[in-house]
Number of protein chains: 2
Amino acid sequence: MASVGPLGDGKNEVKEINTKRQSSVSQCSQNEHHFHKVGVPPRQKLFKEFASTLKETFFADDPLRPFKDQPQSRKLVLGIQAIFPILEWGRSYDLKKFKGDVIAGLTIASLCIPQDIGYAKLANLDPQYGLYSSFVPPLIYALMGSSRDIAIGPVAVVSLLLGTLLQSEIDPTKNPVEYRRLAFTATFFAGITQATLGFFRLGFLIDFLSHAAIVGFMGGAAITIALQQLKGFLGITKFTKKTDIISVMQSVWGSVHHGWNWQTIVIGASFLGFLLFAKYIGKKNKKFFWVPAIAPLISVILATFFVYITHAEKHGVQIVKNIEKGINPPSVKEIYFTGDYLLKGFRIGIVAGMVALTEAIAIGRTFAAMKDYQLDGNKEMVALGTMNIVGSMTSCYVATGSFSRSAVNYMAGCHTAVSNIIMSFVVFLTLLFITPLFKYTPNAILAAIIISAVIGLIDYDAAILIWKIDKLDFVACLGAFLGVVFVSVEIGLLIAVAISFAKILLQVTRPRTAILGKIPQTAVYRNIQQYPDAMKVPGILIVRVDSAIYFSNSNYIKERILRWLRDEEEQLKAAYLPQIKFLLAEMSPVTDIDTSGIHALEELYKSLQKRDIQLVLANPGPVVIDKLHSSGFANLIGEDRIFLNVAEAVSSCSPKLVEEA
Amino acid sequence: MASVGPLGDGKNEVKEINTKRQSSVSQCSQNEHHFHKVGVPPRQKLFKEFASTLKETFFADDPLRPFKDQPQSRKLVLGIQAIFPILEWGRSYDLKKFKGDVIAGLTIASLCIPQDIGYAKLANLDPQYGLYSSFVPPLIYALMGSSRDIAIGPVAVVSLLLGTLLQSEIDPTKNPVEYRRLAFTATFFAGITQATLGFFRLGFLIDFLSHAAIVGFMGGAAITIALQQLKGFLGITKFTKKTDIISVMQSVWGSVHHGWNWQTIVIGASFLGFLLFAKYIGKKNKKFFWVPAIAPLISVILATFFVYITHAEKHGVQIVKNIEKGINPPSVKEIYFTGDYLLKGFRIGIVAGMVALTEAIAIGRTFAAMKDYQLDGNKEMVALGTMNIVGSMTSCYVATGSFSRSAVNYMAGCHTAVSNIIMSFVVFLTLLFITPLFKYTPNAILAAIIISAVIGLIDYDAAILIWKIDKLDFVACLGAFLGVVFVSVEIGLLIAVAISFAKILLQVTRPRTAILGKIPQTAVYRNIQQYPDAMKVPGILIVRVDSAIYFSNSNYIKERILRWLRDEEEQLKAAYLPQIKFLLAEMSPVTDIDTSGIHALEELYKSLQKRDIQLVLANPGPVVIDKLHSSGFANLIGEDRIFLNVAEAVSSCSPKLVEEA
């Protein structure tokens with residue numbers, strides 16, 4: 001059923017007509033009855049064009065759609081529901097869903113309590129601040145968020161990032177109060193950043209951190225975090241403040257003879273073994289997902305009990321000592337709204353807020369795709385932002401969605417954000433009644449829990465897949481990874497963003513071009529490198545430009561086309577074949593052209609004219625054809641040189657070649 | 001001769017075959033005999049792929065082509081010729097060419113001498129430095145440059161930019177020696193920047209300044225320069241150091257009662273009238289191009305003579321006073337190679353060097369296209385850089401190609417860079433013998449010459465054309481213009497670059513998508529907005545993605561496609577028409593895809609599966625099909641869902657719809 005194209009059944013006919021018309025030899029002819037005109041879309045009014053561009057940029061997801069054609073009162077209700085989605089899904093909430101949410105909530109609570117205590121340490125904060133951040137933020141998120149599966153709370157990477165950034169400003173051991181105040185300030189601005197991005201619908205900015213960069217960054221952060229745990233794991237008292245692998249290793253080996261504590265190592269190693277085994281069971285059989293989920297809490301209980309009865313703390317095993325009892329104290333007054341630290345907190349907040357956002361949105365999207373529900377990224381950002389703003393006023397530090405806990409939440413069968421409320425309630429009870437029991441919890445067990453948690457962030461498979469798919473992506477991934485591991489978290493982040501941008505710019509600067517040939521027995525013209533049986537058309541060089549033509553690539557494209565032409569002409573000359581008479585530019589992939597692009601086309605046209613070669617265009621898109629007309633280029637080359645597709649252009653040019661021969 | 005496509009003559013046949021095959025209802029079928037396989041290009045070795053990417057990025061112009069398959073000695077000769085093109089074209093140089101070059105050289109010399117004196121003032125340097133810069137740099141360029149038409153020397157915009165940047169570091173009236181030394185330092189690093197960019201083949205970086213931005217920047221600079229001339233033109237003694245229009249206007253009107261000198265104004269105004277009239281004649285009739293070219297020199301001679309005999313300088317008419325006699329003194333020792341000013345000179349040099357490069361390359365390309373010869377941008381940069389490095393050691397400041405003088409050079413019939421040598425020789429004689437005669441030249445005449453010269457830089461027509469072609473380009477143009485006029489040259493430049501980059505990123509983030517329909521009586525599927533008679537295919541939604549799918553747009557594209565689908569389904573539902581069963585993504589314009597893009601496709605596939613809609617792809621390019629395979633996505637959706645073109649995909653899916661109905 002090969003398409004019998006214009007070349008196949010129409011060639012002779014066209015030739016005949018053209019002969020009759022006696023048109024000049026090297027011109028393309030166009031017969032209205034046979035060739036289709038390239039459509040010129042109706043010109044839009046300037047304002048309308050501007051409005052539609054604006055809409056696609058900022059309101060691509062059409063958020064006001066449900067509001068359309070609704071009465072005023074209904075709009076109000078919808079507006080409130082848009083801000084508080086709980087009002088919408090809450091109405092259809094039932095006991096069955098509640099049962100699922102309770103089980104999921106309890107599971108993630110048991111996982112989050114030990115993690116929170118450990119993560120707070122990563123941020124150089126006292127353990128209770130981790131628990132605080134698992135109490136208020138999840139509640140706010142449950143009211144405003146639209147993801148059904150995300151589990152909110154402190155996460156390893158953001159805790160580490162915040163800790164690194166904060167301690168480069170204030171020493172947490174010397175000035176713990178200022179440090180904490182700066183932490184709340186940063187959290188406040190992280191929330192402001194997130195909410196602002198969402199409100200102004202700038203959510204697409206986080207898309208500039210590519211998947212590859214995130215994989216590398218996360219892997220690097222996981223290794224850095226695991227290395228930091230060597231302090232607690234080996235019972236080292238003097239430990240570097242730096243996070244790069246070289247400093248940490250020096251610190252570790254420097255204290256090998258007089259700093260390691262064997263009791264600590266025994267406790268840590270045995271429980272790490274237990275945790276990893278639990279993980280293995282959970283991975284082996286999805287039914288046992290709850291084993292790794294509750295293993296940390298069990299380890300904490302066992303280890304605490306063990307230290308309590310053996311008084312191991314007297315043999316150098318470091319313990320948590322004291323977690324303040326009671327729920328979050330207010331902290332509005334602790335935020336720096338003036339002074340030097342305002343600006344520093346602002347800067348740190350932006351970075352931490354963006355990274356937290358990236359993680360939360362990635363999680364949200366992943367699970368939304370799995371359960372196929374819509375997730376409004378911008379609305380989500382407003383929810384996350386509000387949650388952190390409120391958090392900063394109630395002694396929380398930056399909270400976001402946790403990869404590992406969200407996965408557990410999903411597998412435990414959560415239905416809605418109610419699981420976050422349940423978790424939050426359990427944390428609330430913990431804060432009120434159980435914190436004193438953590439006194440004898442050895443730090444080594446927290447280190448083991450964090451190590452076993454962050455191992456999951458190292459995604460070998462993703463890295464291998466990235467290597468397979470796109471080498472440049474892999475460079476971004478590796479750059480981010482090495483930057484984090486060998487320098488610092490911020491540098492890794494910077495490298496990731498820089499490589500991602502450079503990649504875009506490179507690909508905009510050096511787009512691909514291809515020589516097309518006709519696939520036998522069809523009217524289809526394709527890249528001769530991709531389709532080796534595609535045949536070049538004698539006398540016509542068909543070049544496809546695989547990109548919009550912008551100032552950044554217009555010169556390259558022009559010169560690349562002339563190079564294709566030069567190469568082709570030399571080959572033809574060497575083989576004593578007839579020379580090229582038509583240069584046919586297939587414009588299908590040219591989605592846009594700017595003034596520099598039009599200039600380049602004009603220069604190309606002039607160069608070709610000097611060589612007695614005709615420029616012919618095939619299938620310019622709506623934007624391009626519009627600009628070709630408005631710039632007068634269509635008139636310059638002649639409108640009869642612009643064709644609907646390559647096949648029609650070739651069948652218009654070929655007869656002329658035959659005549660000339 | 002409409003192409004009778006697969007739908008036309010093959011539909012029944014396929015239907016028949018598929019019915020026989022009893023394939024499942026909602027699956028596309030693919031019959032080897034009728035559908036063409038999408039070609040998978042042979043996988044390249046990693047190194048080869050890397051090398052070819054590197055080659056396209058840095059050696060797109062294939063500079064080593066003539067060296068291929070040549071003996072060693074020939075390669076050496078070619079290498080020397082590549083560095084000094086004069087050795088190549090000099091061998092075929094003859095008397096006829098020389099005649100043309102002499103006439104052109106004399107014409108541009110007469111134009112450049114008064115301009116040089118004026119432009120040196122823009123750079124806050126003594127007049128002789130302008131002449132120095134028209135002596136050495138053109139000689140060096142003539143040896144190394146490959147443009148035949150460019151006229152080298154100081155230019156207005158670079159002089160102004162350099163002057164502004166330098167005086168923000170050192171006050172030229174208080175510390176003239178340090179100021180001059182910094183100027184040479186900046187010139188040295190401008191040359192280093194240019195040569196380095198050329199040597200490392202980073203020439204494409206200057207392409208990032210778009211045509212639109214240059215038009216706006218040049219226009220703004222011209223107005224700024226003209227405003228600066230009001231000082232000399234009105235005979236004002238106290239004048240602002242700032243260049244923005246508001247400061248200048250305050251300065252001008254502030255001194256209206258006691259600062260303007262009527263004799264100066266009379267001289268300036270009458271000669272400006274003469275110069276503009278000469279310009280008008282030159283424009284009216286191309287034969288009289290020499291009239292505006294020699295008018296400045298005639299004005300200078302007449303005005304100087306007039307001041308000399310009337311002793312107008314005693315009535316407040318400011319004159320040049322003294323131009324040092326003799327050729328360029330060496331200035332190697334004056335360059336700051338250490339200390340604070342090294343870094344400042346370096347910074348200023350980079351900016352000035354890049355702007356100078358942009359201007360020279362734009363000129364070179366324009367004339368190369370007009371006479372159709374090849375211009376190697378990178379080699380050109382090395383030539384310009386070397387010329388400025390040597391210049392900085394011989395008391396020259398940054399020289400580059402001048403728009404106005406190059407045009408005169410071209411029209412006067414220059415053949416080679418010998419015209420630059422002639423001009424340089426005339427400047428040499430001027431420096432040796434004639435400079436004392438400029439003593440009585442009134443500053444007003446220099447102001448008039450500069451005003452009449454820079455007026456040509458304001459390109460209304462280009463700005464109007466930009467407005468017509470591309471509104472966003474116009475914003476970049478206007479931003480650069482207003483930035484220069486209302487703030488400063490650097491800010492204007494910064495705005496131009498920032499808007500240009502933002503434009504690229506915006507278009508990479510929000511690519512266009514289109515719904516395709518079948519153009520009646522063809523097998524061609526096109527955007528239904530561009531071709532209103534294109535018909536949608538019932539049950540199949542055909543979406544074309546008009547961009548490479550990268551991390552920056554992958555989520556947008558996925559969600560935009562789902563939105564097209566939702567809109568379409570609602571319409572169909574409202575009209576009680578059968579629902580969509582196939583989503584056909586036309587991939588022709590998708591020139592590349594990265595790991596984030598593959599992820600987005602996977603998510604799209606999952607979402608569609610939940611709705612019982614099949615995802616079908618048409619015409620993925622070589623890179624894309626390769627990545628679809630290496631990522632396993634091709635297997636996920638099934639290789640029989642990937643078609644050569646839309647027509648074949650539709651004719652494979654349609655029978656299934658019929659069966660189902």
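Because the structure is a prediction, the values reported are computed rather than measured. (Residues numbered from 1 in each chain as written. Chains lettered and ligands numbered in written order. Predicted model: local features only at pLDDT ≥ 70, side-chain atom pairs only at ≥ 80, totals over all residues. Heavy atoms only, no water.)

Asks: I'm lost on the overall build of chain A in this one. Help?
Replies: Counting secondary structure elements, chain A contains 27 helices and eight strands. Once the C-alpha set of chain A is aligned to its principal axes, its extents read approximately 105 × 70 × 55 Å. Here chain A holds 661 residues, and the buried ones make up 59% of them. Counting only contacts in chain A whose residues sit at least 6 apart along the sequence, the fraction spanning at least 24 positions is 81%. (Helix = DSSP H or I, 4+ residues; strand = E, 2+ residues; numbered from the N terminus. Buried < 20%, exposed > 50% of the residue type's maximum accessible area, 1.4 Å probe, protein only. Contact = heavy atoms within 4.5 Å.)

Asks: How should I be thinking about the nonpolar core in this particular structure?
Replies: For soluble globular proteins, the rule of thumb is that nonpolar side chains tend to be buried together. Core analysis: the biggest nonpolar cluster contains 115 residues, and Leu162(A), Leu166(A), Phe217(A), Ile225(A) and Leu384(A) have the highest contact counts within it. Broken down by element, this core gets its largest block of residues, 10 residues, from helix α9 (residues 176-199) of chain A. In terms of nonpolar packing, the next biggest core, distinct from the first, is built from 114 residues, Ala278(B), Tyr336(B), Tyr397(B) and Ala453(B) among them. (Core = buried A, V, L, I, M, F, W, Y, C linked by side-chain atoms within 4.5 Å.)

Asks: Would you mind showing me how to read the packing of aromatic side chains here?
Replies: For any pair of aromatic rings, geometry is given as the distance between the ring centres together with the angle between the planes. Residues and elements named next belong to chain A. Per the counting criterion, the structure on display carries 34 aromatic pairs over all chains. Ring geometry for Phe188 versus Phe189: centroids 5.2 Å apart, planes at 80 degrees, classification edge-to-face. Phe189 shares its class with Phe188; the two are buried. Ring centres of Trp467 and Phe474 lie 5.1 Å apart, and the angle between their planes is 75 degrees; this geometry places the pair in the edge-to-face category. Ring pairing ties together the aromatic residues Phe188, Phe189, Phe337 and Phe346, which thus form one cluster. One cation-aromatic arrangement involves Arg181 over Tyr336; the distance from NZ or CZ to the ring centre is 4.1 Å. The side chain of Lys471 reaches across the aromatic face of Trp467, ending 4.8 Å from its centre. (Phe/Tyr/Trp six-rings, centres within 6.5 Å; stacked < 30°, edge-to-face > 60°. Lys NZ or Arg CZ within 6 Å of the ring centre and 35° of its normal.)

Asks: Honestly, the interface of chain B and chain A in this entry has me stumped. Any pointers?
Replies: Much of the literature gives interface size as the accessible area that the parts lose upon coming together. Opposite the 111 residues of chain B that make contact, chain A presents 111 residues. Summed over both partners, the interface of chain B with chain A buries about 9,300 Å², with 55% contributed by carbon and sulfur atoms. For the pair chain B and chain A, the interface holds four salt bridges. Between Asp592(B) and Arg512(A) there is a salt bridge; the shortest N-O distance is 3.5 Å. In this assembly, chain B and chain A are joined by 18 residue pairs in polar contact (both at pLDDT 80 or more). (Buried area = accessible area lost by both parts, 1.4 Å probe. Salt bridge = Lys/Arg side-chain N within 4 Å of Asp/Glu carboxyl O. Polar contact = N/O pair within 3.5 Å; in protein donor to acceptor, adjacent residues only side chain to side chain.)

Asks: Before we go on, may I ask you to explain the relation of the copies chain B and chain A in this structure?
Replies: Both copies of the chain are related by one operation, a rotation about an axis with a shift along it. If you rotate chain B by 180 degrees and push it 0.0 Å along the axis, it lands on chain A with an RMSD of 0.1 Å. On the angle and the small slide along the axis, the relation comes out as a two-fold axis. Across chain B, the rotation axis passes nearest the C-alpha of Pro589(B), at a separation of 2.0 Å. Both copies contact each other with a shared surface, as 99% of the interface residues of chain B are interface residues in chain A too. (Least-squares fit on C-alpha atoms with pLDDT ≥ 70 in both.)

Asks: How should a positive patch on the surface be read in this particular structure?
Replies: Residue and element names in this part refer to chain A. A contiguous patch of positive charge on the surface is contributed by Lys121, Lys231, Lys241 and Lys321. With respect to the secondary-structure elements, Lys231 resides in helix α11 (residues 230-234). Using a relative accessible area of 35% as the deciding quantity, one classes Lys231 as partly exposed. (Patch = residues over 30% accessible without salt bridge, like charges linked within 9 Å, V, L, I, M, F, W, Y side chains within 5 Å. Areas by Shrake-Rupley, 256 points an atom, 1.4 Å probe, with all protein chains shown as cover. Lys, Arg positive; Asp, Glu negative; His and termini not counted. Charge placed at Lys NZ, Arg CZ, Asp CG, Glu CD.)

Asks: Where do I start with the environment of Gly539(A) in this structure?
Replies: Residue and element names in this part refer to chain A. For Gly539, the position within the fold is in the loop between β4 (525-527) and β5 (540-545). Between the alpha carbons of Gly539 and Asp376 there is a distance of 54 Å; along the sequence they are 163 residues apart. The residues touching Gly539, leaving out its near neighbours within four places in the chain, are Gln579, Ile580, Lys581, Phe582 and Leu657.

Asks: Even after reading the chapter, I still don't get the UniProt feature "domain: STAS" (unreviewed entry) in chain A, so can you show me in this structure?
Replies: The UniProt record marks residues 530-653 of chain A with the feature "domain: STAS" (unreviewed entry), using the residue numbering of this structure. Structurally, residues 530-653 of chain A comprises 48% helix and 15% strand, and the distance from its first C-alpha atom to its last is 25 Å. (UniProt positions renumbered as here; feature names shortened; annotations may be inferred.)

Asks: Sorry, what's going on with the pairing of β5(A) here?
Replies: Residues and elements named next belong to chain A. For β5, the buried fraction is high: six of the six residues fall into the buried class. By the alternation rule, side chains of β5 split into Ile540, Ile542 and Arg544 and Leu541, Val543 and Val545, which are all buried. Bridge count for strand β3 (residues 513-518) against β5 is three bridges, and the pairing is antiparallel. Looking across to β5, one finds that Ile515 is bridged to Val543. Bridge count for β5 against strand β6 (residues 582-586) is five bridges, and the pairing is parallel. Looking at the pairing, Ile540 lines up with Phe582 of β6. For the segment spanning β5, helix α23 (residues 554-574) and β6, crossover handedness is right-handed. (Pairing = 2+ DSSP bridges. Right-handed = clockwise from strand over helix to strand, strands pointing away.)

Asks: Whenever I open this one, unusual backbone geometry confuses me. Can you help?
Replies: Residue and element names in this part refer to chain A. For Arg201, which is not glycine, the phi torsion reads 55 degrees and is therefore positive. Checked against the element boundaries, Arg201 lands in the loop between α9 and α10 (211-228). For Arg201, a relative accessible area of 10% translates into the label buried.

Asks: I would appreciate a short explanation of the packing of helix α19 (residues 460-469) of chain B against helix α20 (residues 471-486) of chain B in the present structure.
Replies: If you want to describe how two helices pack, look at the angle between their axes and the distance between the axes. All names here are of chain B. Relative orientation of the contacting elements α19 and α20 amounts to 140 degrees, with a least axis distance of 6 Å. Read as a crossing pair, α19 and α20 show a hand that is left-handed. Where α19 approaches α20, its residues Ala463, Ile466, Trp467, Lys468 and Ile469 are matched on the opposing element by Lys471, Asp473, Phe474 and Cys477. For the contact of α19 with α20, the class distribution of residues is six nonpolar, no polar and three charged. (Axes fitted to C-alpha atoms, helices over the stretch in contact; angles between N-to-C directions. Left-handed = near helix turned anticlockwise from the far one by under 90°. Nonpolar A, V, L, I, M, F, W, Y, C, P; charged D, E, K, R; others polar.)

Asks: Looking at this structure, how should I read the sheet that holds strand β8 (residues 642-643) of chain A?
Replies: Pairing is mixed across the open sheet formed by six strands, whose spatial order is β4-β3-β5-β6-β7-β8 (chain A). With one partner strand each, in any of the chains shown, β4 and β8 of chain A form the two edges of the open sheet.

Asks: Even after reading the chapter, I still don't get the confidence of the model for chain A, so can you show me in this structure?
Replies: Any residue range with low pLDDT should be treated as having predicted coordinates unsuitable for detailed reading. Residue and element names in this part refer to chain A. With 93% of its residues at a pLDDT of 70 or more, chain A has an overall mean of 85. Averaged pLDDT values for the elements of chain A fall to 38 in helix α1 (residues 6-21) and rise to 96 in strand β1 (residues 152-153). Taken as a whole, residues 1-33 scores under 50 in pLDDT and shows 86 contacts with residues more than four places along the chain or in a different chain. Model confidence for the complex is summarised by a pTM of 0.76, with the ipTM given as 0.78. (pLDDT = per-residue confidence, 0-100.)

Asks: Explain the sheet that holds strand β4 (residues 525-527) of chain B here, please?
Replies: Sheet strands pair by backbone hydrogen bonding; their relative direction is either parallel or antiparallel. Strand order in the open sheet formed by six strands is β4-β3-β5-β6-β7-β8 (chain B), and the pairing between neighbours is mixed. The open sheet has two edge strands with one neighbour each: β4 and β8 (642-643) of chain B.

Asks: Could you clarify how one ought to interpret the state of the cysteines in this entry?
Replies: Simply put, the disulfide is a covalent bond whose two ends are the sulfur atoms of two cysteines. By the definition in use, this model includes zero disulfides over all chains. The thiol sulfur of Cys396(A) is not disulfide-bonded, and the nearest other cysteine sulfur, from Cys112(A), lies at 12 Å. (Disulfide = S-S within 2.5 Å.)

Asks: Just to check I follow, could you spell out helix α18 (residues 443-454) of chain B for this structure?
Replies: Every α-helical turn comprises 3.6 residues, leaving residues that sit three or four positions apart pointing alike. All names here are of chain B. Over its 12 residues, α18 runs 17 Å from end to end, which matches the ideal 16 Å to within 8%, given 1.5 Å per residue. By the criterion of burial, α18 is predominantly enclosed, with 12 of the 12 residues buried. By the burial criterion, the buried members of α18 are Asn443, Ala444, Ile445, Leu446, Ala447, Ala448, Ile449, Ile450, Ile451, Ser452, Ala453 and Val454. In this structure, the buried side of α18 is in contact with α5 (95-122), α8 (156-167), α10 (211-234), α12 (262-284) and α13 (290-310). (Expected span 1.5 Å × (residues − 1).)

Asks: I keep staring at the environment of Leu160(A) and nothing clicks. Help me out?
Replies: Residue and element names in this part refer to chain A. Inspection of the secondary structure assignment puts Leu160 in helix α8 (residues 156-167). Judged by its relative accessible area of 3%, Leu160 is buried. With 61 residues separating them along the chain, Leu160 and Ala221 place their C-alpha atoms 8.0 Å apart. Those residues in contact with Leu160 that lie beyond four places of it in its chain are Leu122, Ala221, Thr224, Ile225, Gln228, Thr243 and Val489.

Asks: Hey, could you run me through a nonpolar patch on the surface in this one?
Replies: Residues and elements named next belong to chain A. A contiguous nonpolar surface patch, about 600 Å² in accessible area, is contributed by Ile246, Leu478, Leu482, Phe486, Val487, Ile491 and Leu494. Taken together, the elements giving at least two residues each to the nonpolar patch come down to α21 (471-486) and α22 (489-509). Per-element tally for the nonpolar patch: the top contributor is α21, with three residues. Turning to its location among the elements, Leu478 is positioned in helix α21.

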